[in-house]
Each structure stands twice: as C-alpha cells, then as structure tokens.
Amino acid sequence: MMRQIAAGAFLDGGGKMGQLIRDKDWTSNPLGPPETWPQSLRSALSICLNSSFPTAVYWGPELRLLYNDAWSPIPAERHPWALGRPAAEVWDDIWEVVGPQFAKVLETGEGFSAYDQMLPMERAGSVQETYWNYSFTAIRGEDNRIAGIFNQGNETTQVVQARLNAAQEVSRLSRMFRQAPGAIAILRGPDHVFDIANPAYLELVGKEDILGKPVKEALPEVVAQGFTDLLDQVYSTGESHVGRAVPVTLNRSGITELRHVDFVFQPIFDEAGARQGIFVQATDVTETMRALTAARDSEQKYHAIVNSIDQMIWSTRSDGYHDYFNDRWYDFTGVPPGSTDGEGWKGVFHPDDQEHTMAVWGESLATGKPYHIEYRLRHHSGEYRWVIGRAQCVRNESGQIVRWFGTCTDIHAIKMADESRQLLLDELNHRVKNLFALVSGIVSMAARKSETPTEMAAAIRGRVQALARAHSLIRFSGQGSITAGRVSLSDLIDQILAPHLGEDLVDASLGEGPQIQLGERAITGMALVLHELATNAAKYGALRQAGGRLSIRWTVSGPVLAIVWTEESSTPTTGMVSGSGFGSRLIRTTIEGQFKGQVNFLPTDSGLLIQMELDLEQLSV
C-alpha cells in the first residue's frame, strides 16, 4: 500500500515532485521509507524541493536520484521513471563524462562545477549534443562522511549553439564577400559605417566615396525610405532581414532613379556573441521586374481564360510534377491552393482508384500517349464524385515532352444514372425470378393442403392477392410515390409476410416492438428489405416448411432503430442469406445508403440472425 506522509513533515509542499515523492512506495527502494531517512537527507531534500532553480540530490552509495520541479525537464522522457534510481542507471548515456566527476566529489569532498559542458545525451530515441552549466556539492551525513551530492544546473545548448552558429555565419559571410558576384558591403557599429563595399555595390548606388561614412551621410536619399530604420532594427534584434524586389530611389551619379533590389541585411557577431555590424548583399532586379510585369499581364489574361471554363484544368512538368490547377479545381475539391502541387494531388483520389490511375498516368508519362481515364475525386462536400481525366503532352522542336496540359470533367450524375439503370435492371430481373418462385411455392402449398380444385383456387387467389398488396409497396427509382399517407412498421411487416404464411405457418412468425411510423419514401425502402428477407425465408429458411420460427423484434435507442431478424428451422439449408448474393447486396445498399445504417448477416446452428441498425430520422421521410 502507498504510504501518505503526515502533514507538517519535511516533504510537505515541493510542488509536483513533492507529491510524487510522498505518493511513491519506497518500501522496496534501498533508500527506505521517508520517515527513516536521516536528517541530513531531509534537510538537503527540503532545500531542493523548495528551490526555484533546477536542483537534484543524489544519495547513498548508488547515488539514488531525488529532484525538484525545476529539474524535472532535464531527464526528458526518463522523468518520472528516474525518481529513486541510481545515477549510473539514469545517466548511462553520459556516465563516461559525469561518472568520474561524481567519483571525485565523493572521494575528495571538494565541489565541482562545469560550464558549457558537452554531454552526448539520448533524447527522443537519438543521441543529441547538449551543453550544460552545473555543479556538484558534497553532502555530509550525521557521521560527517560524504553521504550524497547536491546538484544544481541548467542547459546552455541554445546559447552555445548560437555562438557556434554566429562564428559559422561570419565565416560564411567572408566567403560570400570574396565569391559573390552581387553587390556586397559591410557596415560597422550602430551608426552603420561603411567598412567595405565591393565594386558591384558602388555601381549599384552610383557613388564612389562612401567608405568610412555612415549610411545616413553616404546615402541620404534612403533615410526617408525607411532603410536606416530597418538597419537599426536588424542591429538591435540580431535578426536578419530579407527583401525581395523592394523599390528604392537612388541618386546615381547625380540622376534620381527608381530601382528594384533583392537584399539581405545579416547581423555580424563576434566570438562572444556581441553584435559588430551588418553584412549587406544586394542584387539589382529592375530589368527582371520589368519582364515580370509584362509576364504578369500575360498570365492574368491566361488565368482569366482558364478560370472562365467550367472544367478543372491542370498542368504538369515533363516529369509529371503538378504545378498548376485552375480555380475550378479548388472550387470542386475545397482544398487549400497549392496543397495538391507535386504529389499532393493523389490525396484527393478515391483510395480504390489510386493504383490504376497512377499506372495509366505513368504509361502516358513514359510514352507520350494521351491520358484518358475515369476515376473518383473527393468533392468539397466529402463525397467522392466520378470525373473523366484527360491530358495531352506538349513537345519542343526536337520532339521532347516539355509539359502536360489536362482537364477533369465531372460526370458523376451520368455515372450514377448508369449505375441506377443497371441496378434497376438487375433488381427487376431478380424480382421477377423471385415472383415466379413465390407463385410456384404458393401453388405447391395450396395443392398440398386443398382437397378440391375450388378450394385450391381460392387459396391461391388469396395468397397471390396478398403478395400483390405487399409488392405494391415496393417501387423502383423514378416511378414516384404510389403509397398515400404513412404506414406503421408492424403493419408493413404483416403485409410483407402475409403471402408466405399458409395454414401450416400461420403461427410461425412473431413481430414485436414500439410503434414506428414510416414516411412515404421510407416505406418503399423498408418494404424492399423486408420483402427480400421474407422471400429468402420462404425459399430457404424458417418459412420454407412447417416447424420453422421467425422472430422480428425492434427497439429504439436515441436516434437509432435496431431490428433483429431471427430464423430457426428444423432443417436449415445452405441457401440462406449469406450477405454475398444480389439480394443481400440490395439489402445492404438500401440500409447503408437510404437509411444511413448498417447490417450484419450471422448464420447460426439452427438458422440465421440478421442485425440491422437504421437512422430513425431517415425512416420518417
């Protein structure tokens, strides 16, 4: 059992680590229960827990670890596992460095401190180069012998890395100065005095006598344009600034000109990390901007044309890298602009279509063959819609493919109409076959039970009429409603089962559940499902012969209607619903599509169990 320390004891307070230490079961730890700890450990730990500085206590011959909240981030993912464990086990990755340091303090009793000590510490599964300031101080026990070590410290990785980066940056800037063909200058101090300016820089500003002068004196025209303020900001913050095609008015050789420049203001640091000046690199892009302006005008015309078309238009490089989609693409998919560039376009394809689509596209890329394929794209509504994808390559004078231009056309309505027409034909064929089978069964049943032709004719007539009444509830898509008002689920079940319940099966079924009113559209779908199940039960299952039992029970839970269809037969056949035939597919399509639900077909030893869950809201329309 976990032991709680009494209020007012030395472990009270101490934040989260104080609580962890109080809650930990120390009975199996060599340190023993806290109430047995020596006063020297209690005092050291009390100081540790109540310190706001990262502090730890290593105690005993194994240097068992205790620490405060401020120290807890240091072991990273080893926290809180490290609590109470030996130092050598906690710091096995850096023990080669800190182990001898611990040993020296334990041996001599003299304190030890390190500054920017590199420790190759394992973090997040990999060894990382980290730097630390820390100290080890001996803690003497009641017998005046060294019983533990008091440790304080903090990580300096970012500071050390910053210094290293600064030194590398200075070296990099020196290389740039020697090798870069662009305009380069170095400004010294907070007044930004020109120390160095290469010929390209002097050519850019149109002046020769700027060295040794501050920017505001050498180039007074840039002050009002905000460039000296920007230099002040870079110098004070130590953060570089990059400008792209920035307009600047310069007094070049006595002539005022508007130029556009790309430039970098990069702070320069000394070895101690103090700022010394600013490295400036600039490129005159005035002619490029003029060309870009002309190209932009042409591009705007191009975009106006391609975005006036209803089709989705796209283009790729010769290697198939997608680098352009028109507005219709983004309107259709709803994805952020640019998110489908490169290989990102694959993400909007239906998973089942991706392999085939990539194979066809790969063949076109390899051969130059026109690209033509049908696939499903994710619409912004979340629905996958059918489209036709087409593309043609563009070749240069030598016959090499330089680009591909393609389109996507939404054909979902046509595709769905084709699928609905085919499903209707399959359904009609299936239903006619079932109708003949049912009529044949009715005739056979009447023949077995009737003693005279008149009696047989009456029995057949009644069952066929009952079948017709139930069948009239099932309509095909596009035929309109043929049912007035609303029908309850129990009444619908009775009508659907009536043709299948002869005299020897009149008590074979049981329907039980709350009153559920079906809307006109729902009547058709539910009648279709029940008709398929009843027909199958009459052909193969509980209603095939006397002795069978059919139970239909339904319950309502929140927004869900649950229906359990159970068949028991003395001689179950292999033809019972398996979930794989057309009838089963029709049932599944109706329940999942129209009623937003799900269905499971479960064979049992005595028959069949079918579990259906339907959206109650869909049953009311």
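The rules behind the values
- Residues numbered from 1 in each chain as written.
- Predicted model: local features only at pLDDT ≥ 70, side-chain atom pairs only at ≥ 80, totals over all residues.
- Heavy atoms only, no water.
- Helix = DSSP H or I, 4+ residues; strand = E, 2+ residues; numbered from the N terminus.
- Buried < 20%, exposed > 50% of the residue type's maximum accessible area, 1.4 Å probe, protein only.
- Contact = heavy atoms within 4.5 Å.
- Expected span 1.5 Å × (residues − 1).
- Phe/Tyr/Trp six-rings, centres within 6.5 Å; stacked < 30°, edge-to-face > 60°.
- Lys NZ or Arg CZ within 6 Å of the ring centre and 35° of its normal.
- Pairing = 2+ DSSP bridges.
- Polar contact = N/O pair within 3.5 Å; in protein donor to acceptor, adjacent residues only side chain to side chain.
- 1 Å grid on protein atoms, 1.4 Å probe; cavity = no way out; pocket = protein on both sides within 12 Å on 5 of 7 lines; lining within 4 Å.
- Points joined across faces, edges and corners; volume = space filled by probe spheres on them.
- Nonpolar A, V, L, I, M, F, W, Y, C, P; charged D, E, K, R; others polar.
- Axes fitted to C-alpha atoms, helices over the stretch in contact; angles between N-to-C directions.
- Parallel < 35°, antiparallel > 145°, perpendicular 65-115°, else oblique.
- Left-handed = near helix turned anticlockwise from the far one by under 90°.

Q: Just to check I follow, could you spell out the environment of Leu 377 for this structure?
A: Structurally, Leu 377 can be placed in strand S13 (residues 371-378). On the basis of relative accessible area, Leu 377 is assigned to the buried category, the value being 0%. Linking Leu 377 and His 412, residues 35 residues apart in sequence, is a C-alpha distance of 9.9 Å. Setting aside residues up to four positions removed in sequence, Leu 377 forms contacts with Met 312, Trp 329, Phe 332, Val 348, Phe 349, Glu 383, Tyr 384, Arg 385, Val 387 and Cys 408.

Q: Quick question: what am I supposed to make of helix H15 (residues 520-540) here?
A: Side chains three or four residues apart in an α-helix point the same way, a direct result of the helix having 3.6 residues per turn. For H15, built from 21 residues, the straight-helix expectation of 30 Å at 1.5 Å per residue is met to within 8% by its first-to-last C-alpha distance of 30 Å. Among the 21 residues that make up H15, 16 are buried, leaving the element largely enclosed by the rest of the structure.

Q: Any chance you could explain the packing of aromatic side chains here in plain terms?
A: Each pair of aromatic rings is reported with the distance of its centres and the angle of its planes. Overall, the coordinates contain 20 aromatic pairs when judged by the stated rule. Summarising the aromatic geometry, the rings of Trp 361 and Tyr 371 are spaced 5.0 Å apart at their centres and angled 70° between planes, so their arrangement reads as edge-to-face. In this pair, Trp 361 is assigned in helix H11 (residues 351-367) and Tyr 371 in strand S13, connecting sequence segments 10 residues apart. Here Trp 361 and Tyr 371 have matching classes, each one buried. Feature note: the residues Tyr 58, Trp 95, Phe 102, Phe 112, Tyr 134 and Phe 136 constitute an aromatic cluster, connected by ring pairs. A cation over a ring is seen here: Lys 24 above Trp 26, with NZ or CZ 5.5 Å from the ring centre. The ring of Trp 386 has Lys 415 lying over it, and the distance from NZ or CZ to the ring centre is 4.6 Å.

Q: I keep staring at the pairing of strand S1 (residues 55-59) and nothing clicks. Help me out?
A: The side chains of a regular strand alternate, residue by residue, between the two faces of the sheet. With 5 of 5 residues buried, S1 is to be regarded as a mostly interior element. What you see with S1 is no split at all: Thr 55, Val 57 and Trp 59 on one side and Ala 56 and Tyr 58 on the other are buried throughout. Across 5 bridges, the pairing between S1 and strand S5 (residues 146-155) is antiparallel. Bridged to Tyr 58 within S5 is Ile 149. Two strands pair when backbone bridges link them, and S1 and strand S2 (residues 64-67) are joined in this way by 4 bridges, in the antiparallel orientation.

Q: Help me understand the side chain of Thr 130 in this model?
A: Examined against the element boundaries, Thr 130 turns out to sit in strand S4 (residues 126-140). Side chain to side chain, Thr 130 and Trp 132 meet in a polar contact 2.8 Å long.

Q: Help me understand empty space enclosed by the protein, please; the structure alone is not making it clear to me.
A: The method is simple in principle: a probe with the dimensions of a water molecule rolls over the atoms, and the space it marks as empty is what remains. Counting across every chain of the model gives 3 cavities of 30 Å³ or more. Space inside the largest cavity adds up to approximately 250 Å³. Lining the largest cavity are 17 residues, and of these Tyr 201, Leu 219, Val 222, Phe 227 and Phe 265 sit closest to its centre. The set of elements that each furnish at least two residues to the lining of the largest cavity consists of helix H6 (199-205), helix H8 (227-237), strand S8 (241-252), strand S9 (255-269) and strand S10 (275-284). Residues belonging to the lining of the largest cavity are distributed by class as follows: 17 nonpolar, no polar and no charged. Taken as a whole, the second largest cavity encloses approximately 170 Å³ of empty space. Lining the second largest cavity are 15 residues, and of these Trp 71, Trp 91, Leu 119, Tyr 134 and Asn 151 lie nearest its centre. For the lining of the second largest cavity, the secondary structure elements donating two or more residues are helix H4 (95-108), strand S3 (112-123), S4 and S5. Residue classes in the lining of the second largest cavity are distributed as 12 nonpolar, 3 polar and no charged.

Q: How do you make sense of the packing of helix H14 (residues 489-497) against H15 when you look at a structure like this?
A: If you want to describe how two helices pack, look at the angle between their axes and the distance between the axes. Between H14 and H15, whose axes approach to 10 Å, the crossing angle comes to 40°. With respect to H15, the axis of H14 lies oblique. As for how H14 packs across H15, the hand of that crossing is right-handed. Contact residues: Leu 489, Leu 492, Ile 493, Ile 496 and Leu 497 in H14; Ile 523, Met 526, Ala 527, Leu 530, His 531 and Ala 534 in H15. The residue inventory of the contact of H14 with H15, partitioned by class, reads 10 nonpolar, 1 polar and no charged.

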